[in-house]
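Given next are the chains, with one letter for each unit.
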Amino acid sequence: MAQRRQHQRATRPGTPYPEALAAFDERVRLVTPGRWESPTPCAGWSVRDLVNHLTGEQLWVPELLMGATIAEVGGRFDGDVLGDDPVAAWAAAAEAARQAWEVPGATELTVHLSFGDVSGQHYLDQLTTDLVIHTWDLAEGIGTHTRLPGELVDFALGEFAGYGDLSASGLFDPPLPVPEDAGPQTRLLALTGRRDGG
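Residues numbered from 1 in each chain as written. Predicted model: local features only at pLDDT ≥ 70, side-chain atom pairs only at ≥ 80, totals over all residues. Heavy atoms only, no water.

(A) Seen up close, the packing of aromatic side chains. Summed over the entire model, instances satisfying the criterion amount to four aromatic pairs. When the ring of Tyr 17 is compared with that of Trp 101, the centres are 6.3 Å apart and the planes differ by 65 degrees; the resulting orientation is edge-to-face. Of this pair, Tyr 17 sits in helix α1 (residues 17–28) while Trp 101 sits in helix α4 (residues 86–101); the two residues are 84 residues apart in sequence, bridging distant segments of the chain. Of the two residues, Tyr 17 and Trp 101, both sit in the buried class. Between Trp 101 and Tyr 123, the aromatic rings sit 5.5 Å apart at their centres with planes inclined by 50 degrees, giving tilted as the arrangement. (Phe/Tyr/Trp six-rings, centres within 6.5 Å; stacked < 30°, edge-to-face > 60°. Helix = DSSP H or I, 4+ residues; strand = E, 2+ residues; numbered from the N terminus. Buried < 20%, exposed > 50% of the residue type's maximum accessible area, 1.4 Å probe, protein only.)

This is how it looks when you write it as structure tokens:
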């Protein structure tokens, strides 16, 4: 989700990042041995690929909050970061990231992302939104728990409403039309080119 944009949502405390971590964590722990290579709604990504991606994102958090640049971190988190125990690797990365965000003033820092410098709050909101969307992707991949917590859906919907059409980034399919009476989760997923089957 490396997109430069106007941050539409007013900066405020209460971004549900811990809740988003917990929702993704719950589904990671539901992955059975035969499901790691199952496909997900993310084209070309298996369940393992998806969990690897989110684990890598969390590994970056402590580094970036300490002021490191993308170049300084380099390729340290490229490739497979899950090793022989994907659940443990995810859990360790998520816990380290959560603790990094609990440091007072973290959201007020300047963070050096690949597309430019942003506030810690912007980075936190972006991470949280990515977690929410990929929690649904993971749930689809493992075939269970595809209904997301309402608080997370509402947060991500508010964020995505400010992004506009992200299909030009190559990270998302074009938005899908939805009925006027579509629920929040259906509308959120449609904005990212996903069709809610729940």
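(B) A look at the pairing of strand β1 (residues 110–113). Burial of the side chains of β1 is restricted to one face: Val 111 and Leu 113 are buried, whereas none of Thr 110 and His 112 on the reverse face is. Linking two consecutive strands that pair antiparallel, namely β1 and strand β2 (residues 116–119), is a turn of two residues. (Pairing = 2+ DSSP bridges.)

(C) Quick look at helix α7 (residues 184–191). What α7 keeps buried is the set Gln 185, Leu 188, Leu 189 and Ala 190. Each element contacted by the buried residues of α7 is listed here: α5 (120–142) and α6 (150–161). Once α7 finishes, Gly 193 follows within two positions and takes phi at roughly 80 degrees, a positive value. (Contact = heavy atoms within 4.5 Å.)

(D) Geometry of α5. Taking 1.5 Å per residue, 23 residues should reach 33 Å; α5 reaches 32 Å between its end C-alpha atoms and fits that length. Across the 23 residues of α5, 22 count as buried, placing the element largely inside the fold. Positive backbone phi, approximately 75 degrees, marks Gly 143, located one or two places after α5. (Expected span 1.5 Å × (residues − 1).)

(E) Seen up close, the packing of α1 against α4. Contact geometry of α1 with α4 gives a least axis separation of 11 Å together with a crossing angle of 175 degrees. Taken together, the axes of α1 and α4 are roughly antiparallel relative to one another. The segment α1 lies against α4, with Tyr 17, Leu 21, Phe 24, Asp 25 and Val 28 engaging Val 87, Trp 90, Ala 94, Ala 97, Arg 98 and Trp 101. Here the residues of the contact of α1 with α4 are counted per class, giving nine nonpolar, no polar and two charged. (Axes fitted to C-alpha atoms, helices over the stretch in contact; angles between N-to-C directions. Parallel < 35°, antiparallel > 145°, perpendicular 65-115°, else oblique. Nonpolar A, V, L, I, M, F, W, Y, C, P; charged D, E, K, R; others polar.)

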